[in-house]
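The primary structure of each chain is shown beneath.
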Amino acid sequence: MSRQSSILTEGERRSAPDKATDGSFSVTRRTALGAGAAMATGAMSTGVGSVQLAQSGILPDHTVAVRTWINGRSVEVTTDARTSLLDLLRERFGLTGAKKGCDHGQCGACTIHLDGRRVASCLTLAAKADGREVLTIEGLSAGDALHPMQQAFIDHDALQCGYCTPGQIMAAVACVAEGNATSRERIREYMSGNICRCGAYVGIVAAIEDAASKMRRG
Amino acid sequence: MHPFSLVRPKTVREAVNAAAQAGADTRFIAGGTTLYDLMKLNIEQPRQVIDISGIADLSRIETDGGQLRFGALAPMSAVAADAVVSRDHPVLAEALAKAASQQLRNMATVGGNLLQRTRCPYFRNGAGGIYPCNKREPGSGCAAIGGLDRGQAVLGTSEACTAVSPGDWPVALVAVDAMIEVLGPDGSRSVPAGELYRLPGDAPHLEFTLARGEMITAIVVRKTNAGRVSTYHKIRDRESYAFALASAAVVLDFDGERIQQSRIALGGVATRPWRAPDAERLLAGERLTPELALAAGHASFREARAGRHNAFKLELGARTVADALLIAAERRR
Ligand SMILES: Cc1cc2nc3c(=O)[nH]c(=O)nc-3n(C[C@H](O)[C@H](O)[C@H](O)COP(=O)(O)OP(=O)(O)OC[C@H]3O[C@@H](n4cnc5c(N)ncnc54)[C@H](O)[C@@H]3O)c2cc1C
Ligand code: FES
Ligand code: FES
């Protein structure tokens, strides 16, 4: 079963990776680590440290079942209710594109799309993904064919260390889709939730301007 | 983070019932941008969390007729972008658009926003932190008083607490006299936005007037012609994505060239969303000039008390009010 994020344009939809119809993750460079864990259930392999788990004596009613679509693929997982969507993606599914910068909603490094809208996955309970569609940076490109926003970040040197970049790109794609990339000023305002410690802001704004015009053309 | 069980009711009634049956250590979670954040800091330690975000119909935005009605679960971003809201009540749209980031505004709800908690660094220091905080641990003391108090409030403070009420949206709602619809175990009621908040006094851990198990279902704002002549002016340490150092929500009702009635509320400077009746009285029946605007700004801070590092807020706040008045007045044309 697969669904598409509503924020994608027709062009992006066509360039999105093939959707598995058997409910399994196809193994890619990024998902290789997590593929085995994808269908596993149980409370033991969440982002919460196992020492902490043992101490707090997790009971079955402290878990939640989550059925969601991650990058177009249907997944089902049971996890500790405390788990953030960021930890679920990183620790259970090996999707390490979304980064943990602050874990408190302040830096934007963990930005992903939930039902087509950008959110901070660190402040989103994993349970909130239930019945909804998750799109991460890993699901943005069509294999080796980069999304126009990814290409623009390369073309405009919009990064240095790259730590903030997956979050920047996911935020930027949403920024364009929302209609908030209409001027440099507006881009700056609507990208202010994504902090770049390397200070690559000039390149980031230029990349978004560039990609926005390409995305609008489809 | 302490373990908790999560329930996901589908209706308002189910949610209120779940809250009524549960103990005191139960919380509703909407967007989670305050609650989950504070749970990670062990400041909030609920045993049960009621996720209300799946309740249908509670995120509706209704703008037809004589009032604006926002379902408690409407995302901040949706209300901020609503065409009628931004045209007829810019003070509301601006207060939302200038808060947090687009990611957070997509998650955060207009209901949860009313109950966000202070960003005082001593409060956020975390449970068992080395600094005392009367809000976090009643009776432990206040490290902000006499400490690093640059961000602290200058209005509505007490000997026990000077923490700022951080929200922008509540300030705008207090200025427009919004009504908050609440449903609880004993039925529904409607509360003026201003009556949702307590002063810290000697019990700063009690911040809101909601009874246990009461749920906010909607926010209602009466449409007025003056609504267009309004603004939310916010001054921050940086241009975007920061809490207010000082802010002012202003709505002006003109009779020809003279102000018939003004509504002014302040943010970033007080322990709760703060109406400024002295300034409002000063403006009644007057023509607005830059000098009068500044006088109104200063009148807003007559009762203010500064600490060691935050005296600048008196002048900054006064000028923020003055600028807001002039910006709003421009919009009557
Ligand atoms: C990095 C960052 C920057 C921010 N910047 C700003 C800013 O500049 N300006 C600003 O105003 N805010 C800012 N915020 C705060 C943000 O706006 C609030 O956290 C948000 O509005 C809270 O809404 P929520 O739906 O996420 O609430 P939640 O976190 O889900 O809930 C907050 C509280 O309200 C209760 N609650 C929620 N909904 C209901 C309901 N319907 N009935 C009864 N109780 C309910 C919960 O139990 C909880 O106690 C910022 C937050 C972060 C993390
Ligand atoms: S890790 Fe989520 S905002 Fe910083
Ligand atoms: S590129 Fe290093 S943090 Fe942005």
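What counts and how
- Residues numbered from 1 in each chain as written.
- Chains lettered and ligands numbered in written order.
- Predicted model: local features only at pLDDT ≥ 70, side-chain atom pairs only at ≥ 80, totals over all residues.
- Heavy atoms only, no water.
- Core = buried A, V, L, I, M, F, W, Y, C linked by side-chain atoms within 4.5 Å.
- Buried < 20%, exposed > 50% of the residue type's maximum accessible area, 1.4 Å probe, protein only.
- Helix = DSSP H or I, 4+ residues; strand = E, 2+ residues; numbered from the N terminus.
- Contact = heavy atoms within 4.5 Å.
- Near = heavy atom within 4 Å.
- Polar contact = N/O pair within 3.5 Å; in protein donor to acceptor, adjacent residues only side chain to side chain.
- Areas by Shrake-Rupley, 256 points an atom, 1.4 Å probe, with all protein chains shown as cover.
- Nonpolar A, V, L, I, M, F, W, Y, C, P; charged D, E, K, R; others polar.
- Salt bridge = Lys/Arg side-chain N within 4 Å of Asp/Glu carboxyl O.
- Arc of directions from axis to C-beta.
- Pairing = 2+ DSSP bridges.
- Axes fitted to C-alpha atoms, helices over the stretch in contact; angles between N-to-C directions.
- Phe/Tyr/Trp six-rings, centres within 6.5 Å; stacked < 30°, edge-to-face > 60°.

**Quick look at the nonpolar core**
All names here are of chain B. In terms of nonpolar packing, the biggest core is built from 41 residues, with Phe70, Leu92, Leu114, Trp169, Leu173 and Ile219 touching the most fellow members. Listed by contribution, the elements that provide at least two residues to this core are strand S5 (67-71), helix H3 (76-81), helix H4 (83-88), helix H5 (90-97), helix H9 (169-175), strand S6 (179-184), strand S8 (215-222) and strand S10 (246-255). Ranked by the residues each element gives to this core, the list is headed by H9, at six residues. Residues within four places of Leu173 in sequence aside, it is in contact with Leu92, Leu114, Ala178, Ala193, Ile219 and Val221.

**Here's the deal with the site of ligand 1**
Ligand 1 sits among 34 residues. The nearest are Phe28(B), Ala30(B), Thr33(B), Thr34(B) and Thr109(B). Around ligand 1, the nearby residues trace back to chains A and B. Within the side chain of Thr34(B), a nitrogen or oxygen atom sits 2.6 Å from an oxygen atom of ligand 1. In isolation ligand 1 offers 970 Å² of accessible surface; the protein chains occlude 96% of this area. Of all the secondary-structure elements, those providing two or more residues to the shell around ligand 1 are strand S2 (26-29), helix H7 (110-113) and S8 of chain B. Partitioned by chemical class, the residues of the shell around ligand 1 number 18 nonpolar, twelve polar and four charged.

**Considering the side chain of Ser121(A)**
All names here are of chain A. Position of Ser121 relative to the elements: it lies in the loop between strand S4 (117-120) and strand S5 (133-135). Note on Ser121: relative accessible area 0%, which makes it buried. Here Ser121 is in contact with Ser84, Leu85, Leu86, Cys110 and Ile112, once residues within four sequence places are set aside.

**Structural notes on the pattern of salt bridges**
The final tally for this structure, using the stated rule, is 34 salt bridges over all chains. Linking Glu178(A) and Arg118(A) is a salt bridge whose minimum nitrogen-to-oxygen distance equals 2.8 Å. Of this pair, Glu178(A) sits in the loop between helix H6 (165-177) and helix H7 (184-190) while Arg118(A) is found in strand S4, placing the two residues 60 residues apart along the sequence. For Arg118(A), a relative accessible area of 0% puts it in the buried group. Taken together, the shared-partner salt bridges in this structure form one network comprising Arg27(B), Glu44(B), Arg117(B), Lys135(B) and Glu207(B).

**Observations regarding helix H1 (residues 12-21) of chain B**
Residues and elements named next belong to chain B. Taken residue by residue, H1 has Val12, Ala15, Val16, Ala18 and Ala19 as its buried positions. Each buried residue of H1 sits inside an arc of 160° when the element is viewed along its axis, so together they form one side. If you follow the buried residues of H1, they end up packed against S2, strand S3 (48-51), S6 and S8.

**What to know about the sheet that holds S5(B)**
Residues and elements named next belong to chain B. Taken together, five strands build an open sheet; the order of strands is S4-S5-S8-S6-S7 and the sheet is antiparallel. Edge strands, defined here as strands with exactly one partner in the open sheet, are strand S4 (61-62) and strand S7 (187-192). As paired elements, S6 and S8 share five bridges and run antiparallel to each other. For Val182, the partnering residue across the bridge sits in S8 and is Ile216. In this fold H1 packs onto S6 and S8, with an angle of close to 65° to the strand it touches most, S6.

**Section: the packing of aromatic side chains**
Residues and elements named next belong to chain B. A complete count under the given rule lists three aromatic pairs over all chains for this structure. For the pair Tyr197 and Phe208, a centre-to-centre distance of 5.8 Å together with 65° between the ring planes defines the contact as edge-to-face. With a gap of eleven residues between them, Tyr197 in the loop between S7 and S8 and Phe208 in the loop between S7 and S8 connect regions that are remote in the sequence.

**Looking at the side chain of His89(B)**
On the secondary structure map, His89(B) appears in the loop between H4 and H5. For His89(B), the residues in contact, after removing those within four places along its chain, are Leu68(B), Val84(B), Val221(B), Arg222(B), Lys223(B), Thr224(B), Gly227(B) and Ser230(B).

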